[in-house]
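A structural walkthrough
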Amino acid sequence: MRSFLLLFCCVFVMNNSQAQLNHTIYHTVLWEVKDTINHKTSYILGTSHAFGSRFFHTMSTAYKKLKEADLVILQAIGNDAQLWNVIQDRADNPKLKSLLNKGEWQFVTEKFVDKPYKKLQFHELDLYLSLEYFRDVCEGCSERDDIRNMDLYIEELAAMYNIPTLGFDKGLNCFQPRKEEYVPHNPADRQIQRLKVLIKGLKSNNDVLEDECNFVMDYRDMELPFAFQEPCPSIYPLIQERNTKWAELLPQHLQENNCFVAIGWYHLRHECGLLMQLLEKGFVITPVDMWN
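Nothing here was measured: the structure is a model prediction, and the numbers come from that model.

**Topic: the environment of histidine 267**
Mapped onto the elements of the fold, histidine 267 is located in the loop between strand 5 (259-264) and helix 13 (274-280). As for histidine 267 and phenylalanine 226, which are separated by 41 residues in sequence, their C-alpha atoms are 9.9 Å apart. Here the side chain of histidine 267 touches asparagine 243 through a polar contact of 2.7 Å, side chain to side chain.

**Focus on the environment of lysine 67**
One can find lysine 67 in helix 3 (residues 60-68). Taking the relative accessible area as the measure of exposure, lysine 67 reaches 41% and is therefore partly exposed. A C-alpha to C-alpha distance of 7.6 Å links lysine 67 and alanine 158, two positions 91 residues apart in sequence.

**Topic: the state of the cysteines**
Using the criterion set out here, one finds two disulfides in the structure. Paired by a disulfide, cysteine 138 and cysteine 213 hold their sulfur atoms 2.0 Å apart. Looking down the S-S bond of the cysteine 138 and cysteine 213 bridge, the torsion is -80°, so its handedness is left-handed. Here cysteine 213 lies in the loop between helix 10 (188-204) and helix 11 (214-221) and cysteine 138 lies in the loop between helix 7 (122-137) and helix 8 (150-160), a separation of 75 residues in the sequence. The pair cysteine 138 / cysteine 213 is uniform in exposure class, with both members buried. The disulfide bridge from cysteine 232 ends at cysteine 272, spanning 1.6 Å between sulfur atoms. Judged by the torsion about the S-S bond (-70°), the cysteine 232/cysteine 272 disulfide is left-handed. A residue pair is termed long-range when its members are at least 10 positions apart, and cysteine 232 in the loop between helix 11 and helix 12 (237-256) and cysteine 272 in the loop between strand 5 and helix 13 qualify at 40 residues. The class for cysteine 232 is buried, based on a relative accessible area of 15%. By relative accessible area, which is 9% here, cysteine 272 ends up buried.

**Concerning unusual backbone geometry**
Phi at asparagine 205 takes a positive value of approximately 60°, unusual for a residue other than glycine. Looking at the secondary structure, you find asparagine 205 in the loop between helix 10 and helix 11. Residue classification places asparagine 205 among the partly exposed positions, given a relative accessible area of 46%. Positive phi is not limited to glycine here, since histidine 270 has a value of about 70°. Note on placement: histidine 270 falls in the loop between strand 5 and helix 13.

The rules behind each value
- Residues numbered from 1 in each chain as written.
- Predicted model: local features only at pLDDT ≥ 70, side-chain atom pairs only at ≥ 80, totals over all residues.
- Heavy atoms only, no water.
- Helix = DSSP H or I, 4+ residues; strand = E, 2+ residues; numbered from the N terminus.
- Polar contact = N/O pair within 3.5 Å; in protein donor to acceptor, adjacent residues only side chain to side chain.
- Buried < 20%, exposed > 50% of the residue type's maximum accessible area, 1.4 Å probe, protein only.
- Disulfide = S-S within 2.5 Å.

Put into structure tokens, the structure is as follows:
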């Protein structure tokens, strides 16, 4: 009888949690994750590389939960300087300079001074320029940001508060998935055209890409569609692959610690997202007001 009641309670809690995830927009990117068996409560924050330290400080609840955590888990441990080391030993990419005009190449040269930018592939340059576009043109960051990467800032805060950190990816190993994850491999002509438009927007500080800044505005206003009942878009297969891998690694830490997990927002959405996979594993998932 006792076993039946325990099973009934677990099913009831899981179904109740499932019912809370039937909406599309939750006006938050912070989620409580409870292990009701081991009595551990963790929090998962969906981050954005478009924003930096200043915006994270507006997330008062997230900041508080970070300081209270036993363990901080990040998507990657390691800064951008380490990531550039991955391509250091490559040969230069001659196509890069030949397909950009003199002004565009001069902009890239000045933007990535002292970095091995000549070795970048088109989609890698797209990633770096897109991040700069989100931060500058779309105004995800400002001059008041001490650190222009929210994930790196959270890593620094964990160190400042002496909280142990763990990364799904570490140092050099995090570059390959990161660059392939967010930038689909378009045909070469489309890729070059996009690079030219990105450079034009960055040089003029004007939004010249249709709908490109919408995500930054939606994240700032917390109008992000999680769409938990929809499948993951096939254009980003690596996201689904990494979600599945992380969903196998994360439960042990959530069962043993009160964690603060900072991971890209895109890994939390859709039915293949980390939140839905944790829900299926028996964790109770609840949206949290970030400004309470």
